[in-house]
Amino acid sequence: MPRPIKWRRVCKMPHCTNFGPENGIHNDIIKMTVDEYETIRLIDLEGLTQEQCANQMEVARTTTQSIYTNARKKLAECIVNGLSLVIEGGEYRICECKERCGGQCCRHKYCNEQCPKEIKKGDESNE
Ligand SMILES: [Zn+2]
């Protein structure tokens, strides 16, 4: 029986999804999933602990740890080996305004009860 997918909550989609070395020699592309990106955003940029990150993404702490470790490895490969990076896919869902997830780094932090900019998955371009 296939393992049921546990959707990881992502509170802010990346504005930019394609990165590459300006003087790179490789054409290889590393693919980072959106949930991996979210752990980098929450832990490295926003300063959350892995525990807080796990709560915000609604996953177990051990799961967060392995997602985060993967993400860091990919970033390291990119900057050390001069590879391109694309952020896409993954087992995630977008945090919705009505969830009131309470995250300090949620894009809905300043939303009113009826969020006028409720954005569906896959359409984040005009955030
Ligand atoms: Zn949220």
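The following refers to the structure shown. The structure presented is a predicted model; accordingly, all values stated were derived computationally and were not measured.

### A look at helix α1 (residues 34-45)
A rise of 1.5 Å per residue sets the reference length of α1, with its twelve residues, at 16 Å; its end C-alpha atoms lie 15 Å apart and thus fit the reference within 8%. Those residues of α1 that are buried lie in contact with β1 (8-10), β3 (29-32), α2 (50-57), α3 (61-81), β4 (84-87) and β5 (92-94).

### Some remarks on the packing of α1 against α2
Between α1 and α2, the least distance of the axes is 10 Å, while the angle of their chain directions is 135°. The orientation of α1 relative to α2 falls into the category oblique. Crossing of α1 over α2 shows right-handed handedness. Here Asp35, Glu38, Thr39, Leu42 and Ile43 of α1 lie close against α2, whose contacting residues are Gln50, Cys53, Gln56 and Met57. Taken together, the residues that form the contact of α1 with α2 break down as four nonpolar, three polar and two charged.

### A closer look at the sheet that holds strand β2 (residues 18-19)
Taken together, the three strands give an open sheet; going across it, the order is β2-β4-β3, and neighbouring strands pair in mixed fashion. Each end of this open sheet is capped by a strand with a single partner; those strands are β2 and β3. When β2 meets β4, the two strands line up antiparallel, connected through two bridges. Residue pairing for β4: asparagine 18 is matched across the bridge by valine 86.

Conventions and cut-offs
- Along each chain, residue indices are assigned from 1 in the same order as the chain's sequence is written.
- A pLDDT threshold of at least 70 governs which residues receive local features in this predicted model, and a stricter bar of 80 or more applies before side-chain atom pairs are shown or counted, although totals over entire chains, interfaces and linings include all residues.
- A run of DSSP states H or I qualifies as a helix once it reaches four residues; a run of E qualifies as a strand once it reaches two. Both are numbered from the N-terminal end.
- For a helix, the expected span equals 1.5 Å multiplied by the number of residues minus one.
- Residues are scored as being in contact if the C-beta atoms we place from backbone atoms lie within 7 Å.
- Only the stretch in contact is used when a helix axis is fitted, and all axes are lines through C-alpha atoms; the angle between N-to-C directions ranges over 0 to 180 degrees.
- Oblique is the label for any angle not covered by the other classes, which are roughly parallel (under 35 degrees), roughly antiparallel (over 145) and roughly perpendicular (65 to 115).
- By the definition used in this description, the sense in which the near helix is turned from the far one sets the handedness, with an anticlockwise turn below a right angle giving left-handed and a clockwise turn giving right-handed.
- The nonpolar class holds Ala, Val, Leu, Ile, Met, Phe, Trp, Tyr, Cys and Pro. Asp, Glu, Lys and Arg form the charged class, and all remaining residues, Gly among them, are polar.
- Pairing between two strands is assigned when DSSP locates at least 2 bridges connecting them.

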